[in-house]
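Next come the chains, spelled out residue by residue.
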Amino acid sequence: MRQVPNVTLNNGVEIGQLGYGVYKVPAADSFALVSQALEAGYRSIDTAALYANEAGVGRAVRQATGDGGPLSREGVVVTTKVWNDSHGFDRTLTAFDESLHKLGLEYVDLYLIHWPCPEQDLYIQTYRALERLYHDGRVRAIGVCNFEPEHLRRLLDATDVVPAVNQVELHPWLQQNEVRAVNREAGILTEAWSPLARGQLLTDPVLLRIAAGLGRSVAQVVLRWHIQLGNIVIPKASSPARIRENRDIFDFQLDDGAMAAIAALDRGHRSGSDPGRVN
Ligand SMILES: NC(=O)C1=CN([C@@H]2O[C@H](COP(=O)(O)OP(=O)(O)OC[C@H]3O[C@@H](n4cnc5c(N)ncnc54)[C@H](OP(=O)(O)O)[C@@H]3O)[C@@H](O)[C@H]2O)C=CC1
Ligand SMILES: O=C(O)C(=O)[C@@H](O)[C@H](O)C(=O)CO
């Protein structure tokens with residue numbers, strides 16, 4: 001097994017380029033599955049207040065990094081997010097306290113605004129609260145999710161700390177080239193959510209052909225494509241076998257022909273919500 005490589009955020013914090021996402025992981029399973037992911041070599045876990053499984057995530061991280069555990073707390077990145085009903089400066093600080101309490105950790109590594117919620121028009125105040133948490137040392141890095149270029153430009157103009165990541169839906173059927181370019185220009189890393197389009201693209205004939213040629217699964221080919229593009233990627237899986245399968249993407253390469261064939265699959269297909277419409 002090859003180690004998951006780290007990438008460096010714009011403030012120097014390191015994060016595994018491959019992490020484990022836990023949307024729809026039931027609270028009762030989150031301890032076991034996150035423990036298995038950490039055992040399999042993942043060092044970054046992506047949760048959110050919305051997912052209602054922060055307690056199990058935190059317990060798994062505490063067990064793996066506590067006295068006698070195999071890992072150091074500094075070596076694991078825990079991401080959580082402020083949900084849409086907690087936008088605004090004070091409400092965000094309260095939501096953060098609740099998440100930290102559920103996680104049972106001393107600090108959060110990466111704290112993100114979950115959606116810009118443009119109709120609420122509070123994301124600048126929400127981000128100001130993230131900046132406060134960052135300056136107070138309660139989070140190691142801050143960022144956003146689902147920010148379209150217009151939201152990002154406004155945020156960059158109005159605030160001081162450049163987001164470390166912009167986590168957006170991204171996969172071969174929704175390649176987000178404009179968002180990726182704006183992120184790159186601002187020094188923001190692109191993190192891909194639903195990197196497998198929630199499983200919808202696993203029967204794509206082009207991907208099946210590339211996977212067959214390499215003797216890999218389609219999921220592995222798609223995750224490898226993300227890695228070669230420079231994305232951070234956080235697939236969710238519900239079994240130890242799939243958790244390991246998704247990790248095993250660092251011992252092969254997609255050649256230029258395969259990368260070009262995948263680039264041609266972009267079709268603007270969303271498997272989740274449209275950021276302009278979530279409020
Ligand atoms: N910031 C945001 O707004 C959002 C963030 N996210 C984050 O991104 C993470 C990943 O996105 P998610 O929506 O879960 O979708 P993914 O694209 O990661 O797909 C998950 C689905 O793919 C299946 N799958 C995973 N690995 C394999 C495999 N090797 N072979 C076959 N099927 C596989 C899973 O099945 P099974 O579970 O049965 O194994 C599940 O049904 C989330 O868990 C969450 O952390 C997600 C949505 C929005
Ligand atoms: O998983 C998340 O983090 C989400 O916010 C999404 O799943 C979102 O609720 C969605 O796209 C629903 O289709």
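Nothing here was measured: the structure is a model prediction, and the numbers come from that model.

Mind showing me how you'd approach the site of ligand 2 here?
Around ligand 2 lies a shell formed by Tyr23, Leu50, Tyr51, Trp83, His114, Trp115, Trp193, Arg198, Gly272 and Ser273. Between ligand 2 and the protein, one listed contact pairs an oxygen atom with a side-chain N or O atom of Tyr51 at 2.4 Å. Within the backbone of Ser273, a nitrogen or oxygen atom sits 3.0 Å from an oxygen atom of ligand 2. About the coverage of ligand 2: the protein hides 79% of its 330 Å² of free accessible area. Its residues assigned to classes, the shell around ligand 2 shows 6 nonpolar, 3 polar and 1 charged.

Whenever I open this one, the packing of helix 7 (residues 205-214) against helix 8 (residues 218-229) confuses me. Can you help?
The axes of two packed helices give the description: the angle between them and the distance between them. Following both chains from N to C, one finds helix 7 and helix 8 inclined at 100°, their axes separated by 8 Å at the closest point. Classed by the angle they form, the pair helix 7 and helix 8 counts as roughly perpendicular. In this structure, helix 7 contributes Leu207, Leu208, Ile210, Ala211 and Leu214 to the contact, and helix 8 contributes Val218, Val221 and Val222. Among the residues making up the contact of helix 7 with helix 8, the classes are represented as 8 nonpolar, no polar and no charged.

I tried to follow the environment of Thr80 on my own but got confused; where do I start?
As for its placement among the helices and strands, Thr80 is situated in strand 5 (residues 77-82). Judged by its relative accessible area of 0%, Thr80 is buried. Between the C-alpha atoms of Thr80 and Ser99, which are 19 residues apart in sequence, the distance is 7.6 Å. Looking at Thr80, its side chain comes within polar contact range of the side chain of Glu54, at 2.6 Å.

I keep staring at the site of ligand 1 and nothing clicks. Help me out?
Around ligand 1 sit 28 residues in total, of which Asp46, Gln167, Ser194, Leu196 and Ser238 are the nearest. Measuring from an oxygen atom of ligand 1, one finds a backbone N or O atom of Tyr23 at 2.9 Å. Contact between ligand 1 and Arg198: an oxygen atom at 2.9 Å from a side-chain N or O atom of the residue. Protein chains bury 87% of the 910 Å² of accessible surface belonging to ligand 1 in isolation. Ranked by residue count, the leading element in the shell around ligand 1 is helix 9 (residues 240-247), at 3 residues.

Whenever I open this one, the pattern of salt bridges confuses me. Can you help?
When the charged atoms of two side chains lie near each other, side chains of opposite charge can form a pair. Applying the stated criterion across every chain, the model contains 12 salt bridges. Among the ionic pairs, Asp109 bridges to Arg73, the shortest N-O distance being 2.8 Å. Highlighted residues: Asp109 in strand 6 (residues 108-113) and Arg73 in the loop between helix 2 (54-65) and strand 5, separated in sequence by 36 residues. Accessibility assignment for this pair places Asp109 and Arg73 in one class, buried.

Would you take a moment to explain the packing of aromatic side chains for this structure?
The relative placement of two aromatic rings is captured by the distance of their centres and the angle of their planes. This model, assessed by the stated rule, comprises 5 aromatic pairs. Seen from their ring centres, Phe96 and Tyr111 are 4.9 Å apart, and the 75° between their planes marks the pair as edge-to-face. Of the two residues, Phe96 sits in helix 3 (residues 89-103) while Tyr111 sits in strand 6, which places them 15 residues apart along the sequence. Taking the centre distance of 6.0 Å and the plane angle of 70° together, the rings of Trp115 and Trp193 count as edge-to-face.

Hey, could you run me through the UniProt feature "site: Lowers pKa of active site Tyr" (unreviewed entry) in the chain in this one?
Summarizing the sequence annotation, UniProt attributes the feature "site: Lowers pKa of active site Tyr" (unreviewed entry) to Lys81 in the numbering used throughout. Position of Lys81 among the secondary structure elements: in strand 5. Apart from the residues lying within four places of it in its own chain, the contact partners of Lys81 are Asp46, Thr47, Ala48, Ala49, Tyr51, Tyr111, Leu112, His114, Cys145 and Gln167. Only 2.7 Å separates the side chain of Lys81 from the side chain of Asp46, close enough to count as a polar contact.

How should I be thinking about the nonpolar core in this particular structure?
Across soluble globular proteins, nonpolar side chains have a tendency to be buried as a group. Core analysis: the biggest nonpolar cluster contains 76 residues, and Tyr20, Tyr111 and Leu254 have the highest contact counts within it. Setting aside chain neighbours within four positions, we find Tyr111 in contact with Thr80, Lys81, Val82, Thr92, Ala95, Phe96, Leu130, Leu133, Val139, Ala141, Ile142 and Gly143. Among the nonpolar cores identified, the runner-up in size contains 12 residues, and Val7, Leu9, Ile15 and Leu110 belong to it.

Calculation rules
Residues numbered from 1 in each chain as written. Chains lettered and ligands numbered in written order. Predicted model: local features only at pLDDT ≥ 70, side-chain atom pairs only at ≥ 80, totals over all residues. Heavy atoms only, no water. Near = heavy atom within 4 Å. Polar contact = N/O pair within 3.5 Å; in protein donor to acceptor, adjacent residues only side chain to side chain. Areas by Shrake-Rupley, 256 points an atom, 1.4 Å probe, with all protein chains shown as cover. Nonpolar A, V, L, I, M, F, W, Y, C, P; charged D, E, K, R; others polar. Axes fitted to C-alpha atoms, helices over the stretch in contact; angles between N-to-C directions. Helix = DSSP H or I, 4+ residues; strand = E, 2+ residues; numbered from the N terminus. Parallel < 35°, antiparallel > 145°, perpendicular 65-115°, else oblique. Contact = heavy atoms within 4.5 Å. Buried < 20%, exposed > 50% of the residue type's maximum accessible area, 1.4 Å probe, protein only. Salt bridge = Lys/Arg side-chain N within 4 Å of Asp/Glu carboxyl O. Phe/Tyr/Trp six-rings, centres within 6.5 Å; stacked < 30°, edge-to-face > 60°. UniProt positions renumbered as here; feature names shortened; annotations may be inferred. Core = buried A, V, L, I, M, F, W, Y, C linked by side-chain atoms within 4.5 Å.

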